[in-house]
Amino acid sequence: EAMRERIAHAHSEASQHREQLDRHEVRKRQESERLRSEQQRVEDVLQSERQERLRLEGVRLKLEQELQSALNMVKDSNRQVESTTSMIKLQEVSMRMRLESEVAESRRAVALLRAEFAT
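The structure displayed is predicted, hence computed values, not measured ones.

A. The arrangement of the overall build of the chain in detail. Of regular secondary structure, the chain possesses one helix and zero strands. Compactness check: the chain gives a C-alpha radius of gyration of 51 Å against a globular reference of 14 Å for 119 residues, more than 25% above the reference. Principal axes of the C-alpha set define a box for the chain whose edges measure 175 × 15 × 10 Å. For the chain, the exposed surface amounts to about 11400 Å²; the carbon and sulfur share of it is 57%. Each charge class in the chain was averaged separately, 23 positive and 23 negative side chains, and the resulting centres sit 2 Å apart.

Structural data, given as C-alpha coordinates:
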(Lines give C-alpha, C1' and ligand atoms only; values in the text may rest on other atoms or scores of the structure.)
Protein backbone atom coordinates (compact mmCIF):
# COMPACT_ATOMS: atom_id res chain seq x y z
CA GLU A 1 0.00 0.00 0.00
CA ALA A 2 2.79 2.48 0.89
CA MET A 3 4.49 1.56 -2.31
CA ARG A 4 1.30 2.36 -4.28
CA GLU A 5 1.00 5.70 -2.53
CA ARG A 6 4.62 6.52 -3.34
CA ILE A 7 4.10 5.47 -6.95
CA ALA A 8 0.87 7.49 -7.15
CA HIS A 9 2.63 10.42 -5.51
CA ALA A 10 5.56 10.06 -7.93
CA HIS A 11 3.10 9.90 -10.86
CA SER A 12 1.34 12.98 -9.50
CA GLU A 13 4.62 14.89 -9.13
CA ALA A 14 5.74 13.75 -12.57
CA SER A 15 2.40 14.87 -13.97
CA GLN A 16 2.68 18.28 -12.26
CA HIS A 17 6.26 18.59 -13.44
CA ARG A 18 5.17 17.73 -16.99
CA GLU A 19 2.40 20.36 -16.81
CA GLN A 20 4.95 22.94 -15.58
CA LEU A 21 7.26 21.97 -18.45
CA ASP A 22 4.35 22.20 -20.90
CA ARG A 23 3.37 25.66 -19.57
CA HIS A 24 7.01 26.73 -19.74
CA GLU A 25 7.23 25.42 -23.33
CA VAL A 26 4.03 27.32 -24.25
CA ARG A 27 5.43 30.54 -22.70
CA LYS A 28 8.70 29.98 -24.57
CA ARG A 29 6.87 29.53 -27.88
CA GLN A 30 4.70 32.58 -27.22
CA GLU A 31 7.76 34.71 -26.34
CA SER A 32 9.61 33.39 -29.36
CA GLU A 33 6.65 34.26 -31.61
CA ARG A 34 6.34 37.69 -30.00
CA LEU A 35 10.06 38.31 -30.60
CA ARG A 36 9.78 37.13 -34.23
CA SER A 37 6.80 39.42 -34.72
CA GLU A 38 8.65 42.37 -33.15
CA GLN A 39 11.74 41.65 -35.26
CA GLN A 40 9.58 41.59 -38.41
CA ARG A 41 7.94 44.88 -37.41
CA VAL A 42 11.39 46.46 -36.86
CA GLU A 43 12.63 45.12 -40.22
CA ASP A 44 9.50 46.50 -41.92
CA VAL A 45 10.07 49.92 -40.33
CA LEU A 46 13.74 49.87 -41.39
CA GLN A 47 12.77 48.90 -44.93
CA SER A 48 10.21 51.73 -45.05
CA GLU A 49 12.84 54.17 -43.80
CA ARG A 50 15.33 52.97 -46.44
CA GLN A 51 12.70 53.40 -49.16
CA GLU A 52 11.83 56.88 -47.88
CA ARG A 53 15.52 57.85 -47.81
CA LEU A 54 15.92 56.64 -51.39
CA ARG A 55 12.81 58.56 -52.44
CA LEU A 56 14.05 61.72 -50.72
CA GLU A 57 17.49 61.31 -52.30
CA GLY A 58 15.77 61.10 -55.70
CA VAL A 59 13.79 64.25 -54.93
CA ARG A 60 16.98 66.02 -53.78
CA LEU A 61 18.83 65.05 -56.97
CA LYS A 62 15.90 66.17 -59.14
CA LEU A 63 15.73 69.53 -57.32
CA GLU A 64 19.50 69.98 -57.70
CA GLN A 65 19.18 69.33 -61.44
CA GLU A 66 16.29 71.79 -61.74
CA LEU A 67 18.21 74.37 -59.74
CA GLN A 68 21.31 73.91 -61.92
CA SER A 69 19.16 74.20 -65.04
CA ALA A 70 17.56 77.42 -63.73
CA LEU A 71 20.99 78.78 -62.80
CA ASN A 72 22.28 78.02 -66.31
CA MET A 73 19.25 79.78 -67.82
CA VAL A 74 19.93 82.85 -65.65
CA LYS A 75 23.60 82.83 -66.66
CA ASP A 76 22.61 82.58 -70.35
CA SER A 77 20.12 85.44 -69.91
CA ASN A 78 22.79 87.56 -68.22
CA ARG A 79 25.19 86.87 -71.09
CA GLN A 80 22.51 87.87 -73.59
CA VAL A 81 21.77 91.07 -71.65
CA GLU A 82 25.49 91.92 -71.53
CA SER A 83 25.85 91.21 -75.26
CA THR A 84 22.78 93.30 -76.10
CA THR A 85 23.98 96.12 -73.82
CA SER A 86 27.39 96.13 -75.53
CA MET A 87 25.76 96.16 -78.95
CA ILE A 88 23.50 99.08 -77.95
CA LYS A 89 26.49 101.02 -76.62
CA LEU A 90 28.38 100.44 -79.86
CA GLN A 91 25.35 101.60 -81.88
CA GLU A 92 25.02 104.63 -79.63
CA VAL A 93 28.68 105.58 -80.15
CA SER A 94 28.34 105.01 -83.91
CA MET A 95 25.17 107.19 -84.07
CA ARG A 96 26.77 109.92 -81.99
CA MET A 97 29.81 109.98 -84.29
CA ARG A 98 27.55 110.06 -87.39
CA LEU A 99 25.43 112.87 -85.90
CA GLU A 100 28.53 114.86 -84.90
CA SER A 101 29.88 114.35 -88.43
CA GLU A 102 26.58 115.49 -89.98
CA VAL A 103 26.41 118.52 -87.62
CA ALA A 104 29.98 119.48 -88.54
CA GLU A 105 29.18 119.06 -92.23
CA SER A 106 26.01 121.17 -91.86
CA ARG A 107 28.01 123.91 -90.08
CA ARG A 108 30.58 123.94 -92.87
CA ALA A 109 27.79 124.18 -95.47
CA VAL A 110 26.16 127.03 -93.52
CA ALA A 111 29.53 128.80 -93.22
CA LEU A 112 30.12 128.40 -96.97
CA LEU A 113 26.64 129.71 -97.77
CA ARG A 114 27.15 132.70 -95.46
CA ALA A 115 30.48 133.39 -97.06
CA GLU A 116 28.92 133.14 -100.51
CA PHE A 117 26.05 135.47 -99.64
CA ALA A 118 28.39 137.86 -97.86
CA THR A 119 30.29 138.51 -101.07
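B. Local environment of the pattern of salt bridges. Going through the model one piece at a time under the given rule, you end up with 11 salt bridges. A salt bridge links Arg4 to Glu1; the shortest N-O distance between them is 3.9 Å. When its relative accessible area of 62% is taken as the criterion, Arg4 is described as exposed. Linking Glu52 and Arg55 is a salt bridge whose minimum nitrogen-to-oxygen distance equals 2.7 Å.

C. Quick look at the environment of Glu13. If you trace the backbone, Glu13 turns up in helix 1 (residues 2-118). Residue classification places Glu13 among the partly exposed residues on the basis of a relative accessible area of 43%. C-alpha separation for the pair Glu13 and Ala2, spaced 11 residues apart in sequence, amounts to 16 Å.

D. Structural view of the environment of Val93. Following the sequence through the fold, Val93 ends up in helix 1. When its relative accessible area of 41% is taken as the criterion, Val93 is described as partly exposed. On a C-alpha basis, the gap between Val93 and Ala104 in space is 16 Å, while along the polypeptide they are 11 residues apart.

Reading the values: rules and limits
Residues numbered from 1 in each chain as written. Predicted model: local features only at pLDDT ≥ 70, side-chain atom pairs only at ≥ 80, totals over all residues. Heavy atoms only, no water. Helix = DSSP H or I, 4+ residues; strand = E, 2+ residues; numbered from the N terminus. Rg over C-alpha atoms; globule rule 2.2 N^0.38 Å. Areas by Shrake-Rupley, 256 points an atom, 1.4 Å probe, with all protein chains shown as cover. Lys, Arg positive; Asp, Glu negative; His and termini not counted. Charge placed at Lys NZ, Arg CZ, Asp CG, Glu CD. Salt bridge = Lys/Arg side-chain N within 4 Å of Asp/Glu carboxyl O. Buried < 20%, exposed > 50% of the residue type's maximum accessible area, 1.4 Å probe, protein only.

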